[in-house]
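# Summary of structural features
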Amino acid sequence: MIKRAVDAFPADGEDIIFIVRKEHINEFEIDKELKKLFSEKIKIVIQNTPPEGAAKSALLAKSLIDREEELIISDCDFILDTKKFFEEINEKKPDFAFPIFKTNNPRSSFAKLDSKNNVIETAEKQLISDKGIIGTYYFRNGSYFEDYAEKMISCSDKINNEFYISPIFNYLIKDKKQGIAIEGCKLIEMGTPELLEKSLPEIREKDALEIMKKAVKEAGKHAMQHYGKEDYKIKNVEGQGYEGFDKIKKSFVTNVDKEAEKIILHNLREFTDFAVLAEEEDAEIKELASKFNPNSEYAFLIDPLDGTSNYLMGNKKIKDLLAEKYLLENHEVMPDNSDKFGVCISLLKKGSIICTVVYYPYFGQLLVSEKGSGTWIDEKNIRIKKKIKHEFSDAIRISQYSKINKFKSLFSDRKSYQSASYNLKALLEGKIIAYCIESVDYLDFCPTLLAYKEAGGFISDEKGSELSIKDITNQVKDNRINQFMILCPTREYLKSFINNLKSHGFDTPCKFK
């Protein structure tokens, strides 16, 4: 559990300092265990006397702290999701920072904030607000901790006869140092046997997410090794057996899809107590999938290569064949989507999407979305850019199954990336402003539902009512979502969008004025 707690922070062995009690070394050889877990390079400071509080214990490492470098002091009885923590620190460059959570437990430490979440006061065991401080503390440099901790101790600023860390910040504030409190950092508590037992499912979910990230990257790397080459075979979904390049029809898979799926299933083998829904099938995939538990409350949804047709366009011969067919059917030049494909895994619990990962092999980018923790691309928190007024020049994606499809000529910038995972990326990056869809494969669309919602996007039905993910998944039948949906930045944008369409004859139950 200590390793899980420490691994949340980007530190090498030589940058990690542990403060341990002498009796724990004598009784448990904790120093040797820590070096086994991390590295021989870690530094261990032994506390020989009874502790007098976290601040005084941390000062035992004074000779090892670099006064010019950033410093983080953290308890080891919880796992903190640090993505947002470090993002805000990197963006705002505060003198000090700590994550907070909402609580009224008087045993906690607390922070009082201004309207911009700047810290104006801290207190230990004193309920000055409902903003509890999580036991991870950032100092812009080591000297801030050393100097102000010593100042606090010299003032005998104790609580219950102990020197805590949270009161140190009041001394920094008095000297006009700026500190921020960071909300929304997911926390898994494990400080007592009871808390640990309660948190075990959540810890396992977190472990699964880490394996999912590794799996999509490995599968994506494999796909790129074959990208643009002619060393794979193509199979028409409606046909039997493999066929050559000159017989491409509309829907097909390749042996790259299948090999990517095998790579993913091999990576997920630590979680055979979960169920798995895999897209491709052959004897080996069926054998691998059979090892998983179909009756589990957890289920992995796997799309090993979303946008196979785009992926195949990396080969010029195939691209030319597809372009010729596209021109005949659509009377326009086929867009070049050869870089727009992804590898996707979602994890469900009791039918609810709890996390999803999408790897974009061509760009080397990883999208991660967790329920309650936001959507991230390469560690950058993604938020949908708010837009209120719809214009027909806005980039839009209209599914062929959507009832809005007959009005598509009104929209001057219609997007068609032929990949659900890339449509998601485009939505998050603002390359698509709105997305109208009515019937879609659940496995394909699952990442979009969670990631778009977690990024602050708005999803509506044809009546203009906001849809929750649960509302949508309740409509799944035979692995399809048969629900009319509009994905757009805000409810205000939806009103403008619908009213513009109504002025051109769109019949809708929406009553927007």
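Residues numbered from 1 in each chain as written. Predicted model: local features only at pLDDT ≥ 70, side-chain atom pairs only at ≥ 80, totals over all residues. Heavy atoms only, no water.

With that out of the way, let us pick up the overall build of the protein chain. Per the secondary structure count, the protein chain includes 16 helices and 25 strands. Taking the principal axes of its C-alpha atoms as reference, the protein chain extends roughly 85 × 55 × 40 Å. Burial statistics for the protein chain: of 513 residues in total, 51% are counted as buried. Contacts in the protein chain between residues at least 24 apart in sequence constitute 67% of all its contacts with a sequence separation of at least 6. Here the protein chain displays about 25100 Å² of accessible surface, and carbon together with sulfur accounts for 47% of that area. Measuring between centres, the 79 positive side-chain charges of the protein chain sit 4 Å from its 84 negative side-chain charges. (Helix = DSSP H or I, 4+ residues; strand = E, 2+ residues; numbered from the N terminus. Buried < 20%, exposed > 50% of the residue type's maximum accessible area, 1.4 Å probe, protein only. Contact = heavy atoms within 4.5 Å. Areas by Shrake-Rupley, 256 points an atom, 1.4 Å probe, with all protein chains shown as cover. Lys, Arg positive; Asp, Glu negative; His and termini not counted. Charge placed at Lys NZ, Arg CZ, Asp CG, Glu CD.)

For the rest of this paragraph, the subject is empty space enclosed by the protein. For the structure on display, the rule yields one cavity of 30 Å³ or more. Size it by volume and the largest cavity reaches roughly 40 Å³. Lining of the largest cavity is provided by Asp81, Lys83, Lys84, Gly184, Cys185, Lys186, Ser373 and Trp376. When grouped by side-chain class, the residues that make up the lining of the largest cavity number two nonpolar, two polar and four charged. (1 Å grid on protein atoms, 1.4 Å probe; cavity = no way out; pocket = protein on both sides within 12 Å on 5 of 7 lines; lining within 4 Å. Points joined across faces, edges and corners; volume = space filled by probe spheres on them. Nonpolar A, V, L, I, M, F, W, Y, C, P; charged D, E, K, R; others polar.)

Okay, the pairing of strand S16 (residues 342-349) next. Most of S16 sits inside the fold, with seven of its eight residues counted as buried. Two elements, strand S15 (residues 298-306) and S16, share seven bridges in a ladder whose sense is antiparallel. Following the sheet pairing, Leu301 is matched in S16 by Ser346. The pairing of S16 with strand S17 (residues 352-360) spans seven bridges and is antiparallel. Within the sheet, the bridge partner assigned to Leu348 lies in S17 and is Ile353. (Pairing = 2+ DSSP bridges.)

Our next topic: the environment of Thr272. Following the sequence through the fold, Thr272 ends up in the loop between helix H9 (255-267) and strand S14 (275-278). Looking at Thr272, the relative accessible area reads 29%, which means it is partly exposed. Placed 227 residues apart in sequence, Thr272 and Val45 show a C-alpha to C-alpha distance of 41 Å. Among all residues touching Thr272, those that are not within four sequence positions of it are Lys291, Phe292 and Asn293.

We now examine the nonpolar core. Counting 37 residues, the largest nonpolar core has Leu428, Phe445, Leu449 and Met485 as the members making the most contacts within it. Those elements that provide at least two residues to this core are S15, S16, S17, helix H13 (420-429), strand S22 (434-441), helix H14 (442-454), helix H15 (469-473) and strand S25 (480-488). A per-element tally of this core places H14 first, with seven residues. Residues within four places of Phe445 in sequence aside, it is in contact with Tyr435, Ile437, Val440, Ile481, Met485 and Leu487. Counting 29 residues, the second-largest nonpolar core is a separate cluster that includes Ala215, Tyr298, Val343 and Cys355. (Core = buried A, V, L, I, M, F, W, Y, C linked by side-chain atoms within 4.5 Å.)

Over its 13 residues, H9 extends 18 Å from the first C-alpha to the last, a length consistent with the 18 Å expected when each residue adds 1.5 Å. Along H9, ten of the 13 residues are buried, which leaves the element largely enclosed by surrounding structure. Within H9, the full set of buried residues consists of Asn255, Val256, Asp257, Lys258, Ala260, Glu261, Lys262, Ile264, Leu265 and Asn267. (Expected span 1.5 Å × (residues − 1).)

Among the surface-exposed residues, Asp12, Glu14, Asp15, Asp66, Glu68, Glu69 and Glu70 lie close enough to one another that they form a single negatively charged patch. Inspection of the secondary structure puts Glu69 in the loop between helix H4 (54-58) and strand S3 (71-74). (Patch = residues over 30% accessible without salt bridge, like charges linked within 9 Å, V, L, I, M, F, W, Y side chains within 5 Å. Salt bridge = Lys/Arg side-chain N within 4 Å of Asp/Glu carboxyl O.)

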